[in-house]
Amino acid sequence: MTSATHRSAERIGHTEQGPRPLPPLAEPRAGRQPETVDTVLENGLRVIAARHGAVPMVELRLRIPFAGEDAAHPARAEVLAETLLTGTERRDRVRMDTDLAAVGGTLQAVVDPERLSITGDALASGMETLLDVLTDALTEASYPEHEVSGERDRLVERITVARSQPRTIAREELQYHRYGDHPFAREVPQAADVAEVTPEQVRQLHRDAVLPRGSTLVLVGDIDPEATVETVRRMTSGWQAAGAARELPALPEVVGGDVRLVHREGAVQSQLRFSAQAVPRTDERYPALQIANLVFGGYFSSRLVENIREDKGYTYGAHSTFEFTPDNGTILVDADTASEVTAAALLEIRYELGKLALVQPSEAEVESARQYAIGGLLTSTSSQSGLASMLMNVAALGLGQDWLSEHPDRLRAVTHQQVAEAARWYVPTAFTGVVVGDAEQLGEQLRGLGGVTLP
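Residues numbered from 1 in each chain as written. Predicted model: local features only at pLDDT ≥ 70, side-chain atom pairs only at ≥ 80, totals over all residues. Heavy atoms only, no water.

**Overview of the overall build of the protein chain**
Counting its regular elements, the protein chain contains 17 helices and 14 strands. Taking 2.2 N^0.38 as the reference for a compact globule, 455 residues should give roughly 23 Å; the C-alpha atoms of the protein chain span a radius of gyration of 25 Å, in line with that estimate. Projected onto its principal axes, the C-alpha coordinates of the protein chain cover approximately 70 × 60 × 60 Å. Here the protein chain, with 455 residues, has 51% of them falling under the buried criterion. Pairs at least 24 apart in sequence give 81% of the contacts found in the protein chain among residues at least 6 apart. (Helix = DSSP H or I, 4+ residues; strand = E, 2+ residues; numbered from the N terminus. Rg over C-alpha atoms; globule rule 2.2 N^0.38 Å. Buried < 20%, exposed > 50% of the residue type's maximum accessible area, 1.4 Å probe, protein only. Contact = heavy atoms within 4.5 Å.)

Spelled out as structure tokens, the structure:
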């Protein structure tokens with residue numbers, strides 16, 4: 001009889017001479033660029049069609065700029081998004097769902113302060129049906145009274161629940177802290193405003209704002225891009241308007257300063273949300289800033305995660321990301337902590353910001369972040385849904401497929417010195433933000449730490 005002993009990962013990774021050396025990273029293979037057509041139709045709709053033939057499906061993304069200055073706009077926009085696909089002159093809700101189901105299709109609409117977004121998919125052979133249902137809703141949505149009232153009531157309930165959630169409170173407070181009463185800050189409407197929305201107000205908003213000029217439609221899948229554009233041209237010929245969709249007004253620059261403590265009575269956790277001005281995605285400095293951000297807190301091997309999650313256990317997750325609008329970019333840093341370690345976590349975040357700004361990242365840190373950025377982009381665009389979403393994200397910034405395909409080379413070209421220069425955006429005084437928690441528990445420790453405005 002023989003017996004085999006279990007070898008741990010540690011034993012497997014070692015030899016009598018010491019640890020086994022890790023093999024070097026191979027050069028990532030260049031991705032094959034999809035055949036793409038990017039054009040603007042006669043009605044002002046930009047159409048991007050890309051062939052990605054991995055599976056016989058098609059992914060759809062439609063972005064309609066949907067900003068509004070009116071204080072009632074967020075409530076009406078939310079009700080519109082919830083009821084856009086509930087009926088037209090030709091189809092009721094059941095018929096719309098049945099027609100989509102026949103081609104394995106789905107459509108969903110969501111709205112935020114910037115845009116009305118419609119996403120969907122279907123079998124590639126059912127693309128015309130998918131487009132027919134979509135254009136029917138865009139041109140003939142009827143907003144039946146019973147559908148509006150039902151969805152409005154459900155929306156009031158969801159908003160009431162959402163406004164009680166710590167993350168929603170923290171995001172709203174950060175937006176107000178950064179941008180005051182700018183329309184971009186009105187992400188979640190007031191439940192009382194939603195309750196007052198009428199079907200006629202929604203219909204009027206549709207007539208005024210659901211417009212093709214300035215909007216973008218992306219289709220990715222097992223399709224012929226040229227033929228797809230012609231199909232879209234034919235099927236959207238009835239979607240016409242003299243005006244253009246409403247772009248968001250320019251955002252004011254984020255100015256660094258004290259963090260504001262927002263009282264949430266009885267909270268046992270705190271939400272830390274910080275922001276600083278950055279550069280638009282189109283800026284030539286962005287690739288270096290992207291790598292610097294990864295080194296700081298943009299992925300699991302970052303300095304911030306290593307410090308306040310792995311080393312000190314202050315949080316389950318800490319993140320540093322970008323938020324882009326067409327002409328603007330900001331850095332966002334967030335973490336949730338227990339109340340008793342909130343001040344300590346804030347101190348460590350400031351420490352890591354200062355360290356990145358003043359002490360150059362190592363060559364190893366830069367190279368690791370670079371490979372992660374390149375690999376992440378290639379991975380995210382390898383699927384039909386991922387490519388469709390990425391094309392829409394960059395299209396909103398006035399970019400296209402060429403920008404995506406060239407970005408890995410821009411990342412490879414970034415020098416260590418350029419990353420060090422980009423890291424200066426992370427100087428602690430450039431940041432401001434909010435801490436949401438129980439002021440009775442946090443007040444004294446944050447007062448002693450300084451740089452925090454107490455309620």
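So, next bit.
**Some remarks on the sheet that holds strand S13 (residues 432-437)**
The sheet built from six strands is open, its strands ordered S11-S12-S10-S13-S9-S14 with mixed pairing. Strands at the two margins of the open sheet, each flanked by one partner only, are strand S11 (318-325) and strand S14 (452-453). Running over the sheet, helix H10 (residues 286-298) touches S11 and strand S12 (328-338) and is turned about 155 degrees from S11. Packing of helix H12 (residues 342-358) onto the sheet brings it into contact with strand S9 (259-263), strand S10 (269-277), S12, S13 and S14, and relative to S10 it is tilted by some 25 degrees. (Pairing = 2+ DSSP bridges. Axes fitted to C-alpha atoms, helices over the stretch in contact; angles between N-to-C directions.)

**Details of the domain arrangement of the protein chain**
Examined at the domain level, the protein chain breaks down into domain 1 (36-236) and domain 2 (259-453). Taking only C-alpha atoms into account, the centre of domain 1 sits 30 Å from that of domain 2. On the domain 2 side, the residues contacting the 33 residues of domain 1 number 35 residues. Counting the contacts that link domain 1 with domain 2 gives four salt bridges. Measuring nitrogen to oxygen at the nearest pair gives 3.0 Å for the salt bridge that ties aspartate 336 to arginine 167. Across the contact surface, domain 1 and domain 2 share 15 residue pairs in polar contact (both at pLDDT 80 or more). Listed by contribution, the elements that provide at least two residues to the side of domain 1 that touches domain 2 are strand S3 (36-40), strand S4 (46-51), strand S5 (57-65), helix H6 (166-179) and strand S8 (216-221). Per element, the largest residue contribution to the side of domain 1 that touches domain 2 is twelve residues, and it comes from H6. Class assignment of the residues belonging to the side of domain 1 that touches domain 2 gives a composition of 15 nonpolar, seven polar and eleven charged. (Domains from an automatic or database assignment. Salt bridge = Lys/Arg side-chain N within 4 Å of Asp/Glu carboxyl O. Polar contact = N/O pair within 3.5 Å; in protein donor to acceptor, adjacent residues only side chain to side chain. Nonpolar A, V, L, I, M, F, W, Y, C, P; charged D, E, K, R; others polar.)

**Digging into the pairing of S8**
Counting buried positions over the six residues of S8 gives six, a clear majority of the element. Both faces of S8 are covered, namely the face carrying Thr216, Val218 and Val220 and the face carrying Leu217, Leu219 and Gly221. Pairing of S4 with S8, which is carried by six bridges, proceeds in the parallel orientation. Within S8, the residue paired with arginine 51 across the bridge is glycine 221. Note: S5 against S8, six bridges, orientation antiparallel. Residue pairing for S8: glutamate 59 is matched across the bridge by valine 220.

**A few points about the side chain of histidine 73**
Position of histidine 73 among the secondary structure elements: in helix H2 (residues 73-83). Among the residues examined, histidine 73 registers a relative accessible area of 9% and is labelled buried. If near-sequence neighbours (up to four positions away) are discounted, histidine 73 is found in contact with Phe66, Ala67, Gly68 and Leu205.

**Notes on the sheet that holds strand S7 (residues 115-123)**
Spatial ordering of the open sheet is given by S3-S4-S8-S5-S7-S6, a layout of six strands whose pairing is mixed. The open sheet has two edge strands, S3 and strand S6 (106-111), and neither has a second partner. Neighbour-to-neighbour, the strand axes of the sheet open up by a mean angle of 10 degrees, direction not taken into account. With respect to the sheet, helix H4 (residues 127-140) is in contact with S5, S6, S7 and S8, its orientation differing from that of S5 by roughly 20 degrees.

**With respect to the packing of aromatic side chains**
Enumeration over the complete set of coordinates arrives at seven aromatic pairs. With a centroid separation of 5.7 Å and 70 degrees between ring planes, the pair formed by tyrosine 286 and phenylalanine 322 is classed as edge-to-face. Remark: phenylalanine 322 occurs in strand S11 and tyrosine 286 occurs in helix H10; sequence separation between them is 36 residues. Exposure class is identical for tyrosine 286 and phenylalanine 322. Each is buried. With 4.6 Å between their ring centres and 45 degrees between their planes, tyrosine 299 and tyrosine 372 make a pair best called tilted. Taken as a pair, tyrosine 299 in the loop between H10 and helix H11 (303-311) and tyrosine 372 in helix H13 (residues 363-380) lie far apart in primary sequence, 73 residues in all. The class for tyrosine 299 is buried, based on a relative accessible area of 11%. (Phe/Tyr/Trp six-rings, centres within 6.5 Å; stacked < 30°, edge-to-face > 60°.)

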